[in-house]
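What follows is each chain in one-letter form.
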2 protein chains.
Amino acid sequence: MPFSQPLPLQSGAAIRDYALSYETYGRLNADKSNAVLICHALNASHHVAGVYEGQPRSEGWWDNMIGPGKPVDTDRFFVIGVNNLGSCFGSTGPMHVNPDTGRVYGADFPVVTVEDWVDAQARLLDALGIRQLAAVMGGSLGGMQALCWSLRYPERVRHAVVVASAPNLNAENIAFNEVARRAIVTDPDFHGGHFYAQGVVPKRGLRIARMIGHITYLSDDVMNEKFGRQLREGIDLKYSTQDVEFQIESYLRYQGDKFSEYFDANTYLLITRALDYFDPARAHGGSLQQALAQTQAKFLLVSFTTDWRFAPARSREIVQALLDNKRAVSYAEIDAPHGHDAFLLDDARYLNVVRAYFARIASEGATA
Amino acid sequence: MPFSQPLPLQSGAAIRDYALSYETYGRLNADKSNAVLICHALNASHHVAGVYEGQPRSEGWWDNMIGPGKPVDTDRFFVIGVNNLGSCFGSTGPMHVNPDTGRVYGADFPVVTVEDWVDAQARLLDALGIRQLAAVMGGSLGGMQALCWSLRYPERVRHAVVVASAPNLNAENIAFNEVARRAIVTDPDFHGGHFYAQGVVPKRGLRIARMIGHITYLSDDVMNEKFGRQLREGIDLKYSTQDVEFQIESYLRYQGDKFSEYFDANTYLLITRALDYFDPARAHGGSLQQALAQTQAKFLLVSFTTDWRFAPARSREIVQALLDNKRAVSYAEIDAPHGHDAFLLDDARYLNVVRAYFARIASEGATA
């Protein structure tokens, strides 16, 4: 959907003549009270559920969660998936033409924040005629957007579902992002972010970034269980510093290669920076409790015990700050082995928690 | 010290006409029973203690631990520091000339293992006329060498002091090594490991490798305490994906830059690979208990609660396997905030544990 009105950004800049890609599932009811907005994390898009006709293996990234009869039941809810500004899956991003210059944005794409994304999403809802969301939901960076919605548009959110998220990044989180960014920008094929014109892609940097990401998405336990010290071939060591020797190396290289084929390097920088910047407590002298005083929604928070990227303690900070504000908050800490990735996986307890919560939302109706 | 006799390596290859750089501190006693060998980790050398005359800030890397009146008291012990084969601080390494070809080794330097290092160290002791060590001691990868000594030369080790170490790398440890290696070998300046002839250094890769390393050396806690979300300049955000915004970014970049100025890229590959390969249980069907049945030494193991690179649980595996073999083993788990780095830092409890242990060794004498 095209937007001609400039969107003012947190940085002070603005972006104009941008478009947002989105998909919807289910039907908006007569009083437009059953809309659920799904916010995506780093490597995802507006395609949250279902498959594209004639395209096998085109399931949406949260297809186990969203659909007819699923925890977020599209027989009851009108679900909206939207690709964020700066992403590389359809919405306006660094690979598009800057209307101010007539040249591809590249590194000149404005730095966008979680707040900016939420503002853009709000305009999309305006265009769809949706005044209030039954729920806004997301995992990881998507959870930050859900939290941000409850702060920025308190009256437009009845429920916020924040999964495997955090009230901000800690130093270690920022550190991993920074190493990934440095790998990308120091790749000679990055050309200061204007690599499109050169007909190259900083694949070396993207591979490294993705490998680092994958390590932080998985738990120690699941890595040891899936890969351990298993060799890739046979049982004899090859004694090589550059050949693949262990299965875990093979897995990481494969993930890095795959990612470098389709993900945009400038998008990677933008999205990790949005993660770094998110910190609603910052404007309140560091007090998350004060920040969350603005919220009016009810909340569901979910965390996973082995998630060391956004550990349960980070979710509990949000829960505590909400409770201190006497907000209605449900919290589930799921004992899952899969680390941060767990929020995308099929854990029956997790899916049931979300199912039960959305059943409650459905039963409340718009008057809740 | 030069060695002309070829050293057979685990890989099946051999290395000839190599030299080992070493330093000694204190005096070897008459019956040569007071020798302590110190094994180094990734980024260290034979210069373990003291300063070089006229060179301020040239303290050895374990100067807080080793010296006159220090926990490893050089008034009582004859301490030997040795730089390992393949390192870049004096001993024969990839930047030296391969006597078989007359060209610089580069990527052709043979892959060396912890076992190979220990064998080379044993030859150095032979040359020094030392039959048996009062103790062999190391932290991290150095601890693996100490453990390996107790297995490979059981009768030559009275005590093994294994600090912040592990019986092998787990999948996550290997994964971090692999990402660092990929960053180096995919740097266009690596030239397949033969960059010396090109007059370049793969600094981009080395920087990334070091940044990743630093993240894993520090605990989450200490990172949050030292850096947190503190901005580098002032209190206003700059909204940039490439400029430094947070202190932690500045710290990591600085560490990466510094490292890339002096550390050899091929050495980085070799040493991380030696870490990957170390796994004494492997030859015993995965049983560490069976592997450690060969030991005759007494042991001190030390771990640090916030070390997530080599967590206390990894040290406890060694302790348990030793106890199962009815070996004499002391174990201290130090409640320190500094993560893996703690083994190099001044924690009074840690230093006192080592001091007390070495006092006991001294009182035992050679007959123990």
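Note that the structure is a prediction, hence the values are computed from the model and not measured.

A.B. asks: Can you help me understand the overall build of chain A in this one?
C.D. replies: For chain A, the count of helices and strands is 10 helices and 13 strands. If you line up chain A on its principal axes, its C-alpha atoms span 65 × 50 × 50 Å. Put simply, chain A has 368 residues, and 61% of those count as buried. Entry remark: accessible area of chain A is about 13,500 Å², with carbon and sulfur atoms responsible for 48%.

A.B. asks: Would you explain the relation of the copies chain A and chain B in this entry?
C.D. replies: A rotation about an axis combined with a shift along that same axis relates the two copies of the chain. Rotating chain A by 180 degrees about the axis while translating it 0.0 Å along that axis superimposes it on chain B, leaving an RMSD of 0.0 Å. What the superposition gives is, in effect, a two-fold axis relating one chain to the other. When the interface residues of chain A are mapped onto chain B, 100% of them again lie at the interface, so the same face is used by both copies.

A.B. asks: Sorry, what's going on with the confidence of the model for chain A here?
C.D. replies: A low pLDDT means the predicted coordinates there should not be read in detail. On average, residues of chain A score 96 in pLDDT, and 99% of them are at 70 or above. What the predictor reports for the complex is a pTM of 0.96 with an ipTM of 0.94.

A.B. asks: Where do I start with the packing of aromatic side chains in this structure?
C.D. replies: Given two aromatic rings, their pairing is described by the distance between the two centres and the angle made by the two planes. Applying the stated criterion across every chain, the model contains 42 aromatic pairs over all chains. When the centroid spacing of 5.4 Å and the interplanar angle of 85 degrees are considered together, the rings of Phe-77 of chain B and Phe-358 of chain B count as edge-to-face. With Phe-77 of chain B in the loop between β8 (72–73) and β9 (78–82) and Phe-358 of chain B in helix α10 (residues 348–364), this pair connects stretches of sequence that are 281 residues apart. Note on accessibility: Phe-77 of chain B and Phe-358 of chain B belong to one class, buried. Among the aromatic side chains, those forming a connected cluster through ring pairs are Phe-89, Phe-259, Tyr-262, Phe-263 and Tyr-268 of chain A. The ring centre of Phe-310 of chain A lies 5.9 Å from the NZ or CZ of Arg-309 of chain A, which sits over that ring. Stacked on the ring of Tyr-153 of chain B, the Lys or Arg Arg-156 of chain B has its end atom at 5.9 Å from the ring centre.

A.B. asks: Sorry, what's going on with the pattern of salt bridges here?
C.D. replies: Pairing is possible between side chains of opposite charge, provided their charged atoms come close. Across all of its chains, the model carries 40 salt bridges over all chains by this definition. Note that Glu-249 of chain B and Arg-273 of chain A form a salt bridge whose closest N and O atoms lie 2.8 Å from each other. Taken together, the residues Glu-249 of chain B in helix α6 (residues 247–262) and Arg-273 of chain A in helix α7 (residues 265–277) connect one chain to another. According to the relative accessible area criterion, Glu-249 of chain B is buried, its value standing at 0%. Using a relative accessible area of 0% as the deciding quantity, one classes Arg-273 of chain A as buried. Residue Arg-349 of chain B is joined to Asp-347 of chain B by a salt bridge in which the shortest nitrogen-to-oxygen separation is 2.9 Å.

Cut-offs applied
- Residues numbered from 1 in each chain as written.
- Chains lettered and ligands numbered in written order.
- Predicted model: local features only at pLDDT ≥ 70, side-chain atom pairs only at ≥ 80, totals over all residues.
- Heavy atoms only, no water.
- Helix = DSSP H or I, 4+ residues; strand = E, 2+ residues; numbered from the N terminus.
- Buried < 20%, exposed > 50% of the residue type's maximum accessible area, 1.4 Å probe, protein only.
- Areas by Shrake-Rupley, 256 points an atom, 1.4 Å probe, with all protein chains shown as cover.
- Least-squares fit on C-alpha atoms with pLDDT ≥ 70 in both.
- Contact = heavy atoms within 4.5 Å.
- pLDDT = per-residue confidence, 0-100.
- Phe/Tyr/Trp six-rings, centres within 6.5 Å; stacked < 30°, edge-to-face > 60°.
- Lys NZ or Arg CZ within 6 Å of the ring centre and 35° of its normal.
- Salt bridge = Lys/Arg side-chain N within 4 Å of Asp/Glu carboxyl O.

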